Amino acid sequence: MRTHLILKNIKINIQLFMADMQANPSEEIFNHVTAELEEMNSIPKGTYSFSLNDNFIDKQSAEGAKDNSLKRGFPDYIIKK
């Protein structure tokens, strides 16, 4: 007997961080990665959000979102069908 798992409404959050400890998130890098995600056909179907943060990573939560983070998400998700 085969069991098929049907996944719907998959949400994938991608966070990247700047390598340089003093660098603010780069709008050029953010726009490039966002455009690449929009064009990719080889990634799984789902709703993608993307954040580019500075170099700070909270060690307890693995989050890095701050006021200077660049974000693409609700209501403007990248949707792959």
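Up top is the structure.
Residues numbered from 1 in each chain as written. Predicted model: local features only at pLDDT ≥ 70, side-chain atom pairs only at ≥ 80, totals over all residues. Heavy atoms only, no water.

Visitor: So what's going on with the environment of E36? Which residues, and what values?
Guide: Along the chain, E36 turns up in helix α1 (residues 27–39). Spatially, the C-alpha atoms of E36 and K71 are 15 Å apart, while their sequence positions differ by 35 residues. (Helix = DSSP H or I, 4+ residues; strand = E, 2+ residues; numbered from the N terminus.)

Visitor: Please set out the nonpolar core residue by residue, giving values where relevant.
Guide: Among the nonpolar cores identified, the biggest contains ten residues, and these are M18, A23, F30, V33, L37, Y48, F50, L52, L70 and I78. Contributing elements (two or more residues each) for this core: α1 and β2 (46–53). Ignoring anything within four residues of it in the chain, the contact list for F30 reads F50, L52, L70, K71 and R72. (Core = buried A, V, L, I, M, F, W, Y, C linked by side-chain atoms within 4.5 Å. Buried < 20%, exposed > 50% of the residue type's maximum accessible area, 1.4 Å probe, protein only. Contact = heavy atoms within 4.5 Å.)

Visitor: So what's going on with the pattern of salt bridges? Residues and values would help.
Guide: Counted under the stated rule, the structure contains three salt bridges. E38 is the salt-bridge partner of R72, the closest N and O atoms lying 2.8 Å from each other. Residue R72 is found in strand β3 (residues 70–72), and its partner E38 is found in helix α1; the two are separated by 34 residues along the sequence. A salt bridge links D54 to K66; the shortest N-O distance between them is 2.7 Å. (Salt bridge = Lys/Arg side-chain N within 4 Å of Asp/Glu carboxyl O.)

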